[in-house]
Amino acid sequence: MTASDEFGDSTMAKRNDASILIIALLATLGLLGVGGWFFVQQFLRPSSPGTSVFPPESEPPGSNPSDSASTGNTGANPEQGTAALGSRLSVGGTSLLAEPIPPEKQRAIAAIQANDYGTAVAALEGYLQQNRNDPEALIYLNNARIGDQEAPTIAVAVPAATAINPAKELLRGVAQAQNEINTAGGINGRPLRVMVVSDDNDPAIARDLAQTLVQDTSVLGVIGHFGSDTTLEAGQIYEQGQLPMISPTSTSVRISEAGDYIFRTVPSDRFTASALSRYLVNQMTIQRVVLYYNAESDYSQSLKNEFTTALYADGGQVVSEVNVVDPGFDASASVADAIQRGAQAIVFATNTSTLDQTLQVVRANNQRLALLGGDSLYNPAVLE
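What counts and what doesn't
- Residues numbered from 1 in each chain as written.
- Predicted model: local features only at pLDDT ≥ 70, side-chain atom pairs only at ≥ 80, totals over all residues.
- Heavy atoms only, no water.
- Helix = DSSP H or I, 4+ residues; strand = E, 2+ residues; numbered from the N terminus.
- Contact = heavy atoms within 4.5 Å.
- Core = buried A, V, L, I, M, F, W, Y, C linked by side-chain atoms within 4.5 Å.
- Buried < 20%, exposed > 50% of the residue type's maximum accessible area, 1.4 Å probe, protein only.
- Salt bridge = Lys/Arg side-chain N within 4 Å of Asp/Glu carboxyl O.
- Axes fitted to C-alpha atoms, helices over the stretch in contact; angles between N-to-C directions.
- Parallel < 35°, antiparallel > 145°, perpendicular 65-115°, else oblique.
- Left-handed = near helix turned anticlockwise from the far one by under 90°.
- Nonpolar A, V, L, I, M, F, W, Y, C, P; charged D, E, K, R; others polar.

Participant: So, the environment of Phe 329: which residues are in play, and what are the values?
Facilitator: Looking at the element boundaries, Phe 329 is found in the loop between strand S8 (317-323) and helix H11 (331-340). For the pair Phe 329 and Gln 357, spaced 28 residues apart in sequence, the C-alpha to C-alpha distance is 8.8 Å. Excluding residues within four positions of it along the chain, Phe 329 makes contact with Tyr 292, Val 322, Asn 323, Val 324, Ser 334, Gln 357, Gln 360 and Val 361.

Written out as structure tokens, the structure reads:
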């Protein structure tokens, strides 16, 4: 598809332009997933056999809405909703990452607020010489170089306040892509502006932000969101507004059916589940398992359902399913029951917000049954 050379308020022209812009970012975002997988393999290498080796999917620590940043769920207070949403969007005038802001970076942000882009560029160039791994700063530098001139804009939605490391990983891919595009002359001669969006990986907040992005005619596409639940909720708004969205991390199989404007680069849970099942049956020669999951998480439900289907197809059997958010959940009792039913392994389709319950099961198991799990188990708390 060829992007229109005209740049106006036309929705059709805006949406046509978006396709080529998002495709330009796709390759780097795909590499980001591979890089994340390599990091996980080196830093969080599993100590027991049978653990899935796929990049992290969704729901980092703090993704549970109860762990949201102090700005809160904008839907809970309509009178403050607009102001709260505005504080979650930035092209350079605000740092959205939940960490201390170094003086040089703060000086650049203040300059951008004052439309003093020359000072901002100089400050950010100096800052990045000593802090080359700050993706937000690199994005703001390229935005400051654009200044007030009209430019196509891509939004990137990340959990900047609640899960800073995953947020930075996503921003690094986008920052690299923007820098490469602009260094090469931009798109149709126009540099690319990136808007950073902080959504707390909260579906309700993401939905409100999606409404804002759909209404902003300068935004031609969205990279994100992080978790499947958040992606699916915001995706409804993008689909209605015909604003293309592509997630580099969400794996729920439902995303494939979310609409004509909703995409992703990471393989779905179907691939993860099939790999887990084949390893379990063919490599570990285990056929009977107990499956733990979170009934309130779309990611967890998706992985559970796909794994159950794959295991039965491979000749195995799920002897019991345990919902870890059930009020009567008892880790010790559930493990004892699974062993009595003949389970040979425990498979975790749980998400990060239920990591505590997962670790309760690990302790209760006391190395009696083999342990396997989905990508959300890649977490420092597991090693600790």
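Participant: An account of the nonpolar core is needed here, citing residue identities and associated values.
Facilitator: The biggest cluster of nonpolar side chains holds 34 residues, and the ones touching the most others in it are Ile 112, Leu 124, Ile 139, Val 156, Val 158, Leu 171 and Val 196. If you tally residues by element for this core, the top one is helix H4 (residues 117-130), at seven residues. Excluding residues within four positions of it along the chain, Leu 171 makes contact with Leu 97, Pro 135, Ile 139, Val 156, Val 158 and Val 196. Met 195, Ala 206, Leu 232 and Ile 255 belong to the second largest nonpolar core, which has 21 residues in total.

Participant: Go over the pattern of salt bridges with me, naming the residues and quoting the values.
Facilitator: When charged atoms on two side chains of opposite charge get close, those side chains can pair. All told, the structure shown has 11 salt bridges when counted by the stated rule. Between Asp 200 and Arg 88 there is a salt bridge; the shortest N-O distance is 3.1 Å. Of this pair, Asp 200 sits in the loop between strand S3 (193-198) and helix H7 (203-215) while Arg 88 is found in the loop between helix H2 (78-86) and strand S1 (89-90), placing the two residues 112 residues apart along the sequence. Here Asp 200 matches Arg 88 in class, with each residue buried. Lys 304 is the salt-bridge partner of Glu 321, the closest N and O atoms lying 3.4 Å from each other. Of the two residues, Glu 321 sits in strand S8 while Lys 304 sits in helix H10 (residues 298-313), which places them 17 residues apart along the sequence. Looking at Glu 321, the relative accessible area reads 40%, which means it is partly exposed. The class for Lys 304 is buried, based on a relative accessible area of 7%. Salt bridges sharing common partners tie together Lys 105, Asp 134 and Glu 136.

Participant: Describe the packing of H11 against helix H12 (residues 355-365), naming the residues involved and giving the relevant values.
Facilitator: Contact geometry for H11 and H12: axes closest at 8 Å, N-to-C directions at 55 degrees. By the angle class used here, H11 and H12 are oblique. Here H11 runs over H12; the crossing is right-handed. For the pair formed by H11 and H12, the contact residues are Ala 331, Ser 332 and Val 335 on the first element and Gln 360, Val 361, Ala 364 and Asn 365 on the second. Residues belonging to the contact of H11 with H12 are distributed by class as follows: four nonpolar, three polar and no charged.

Interpretation in functional terms is not warranted from these geometric data alone.
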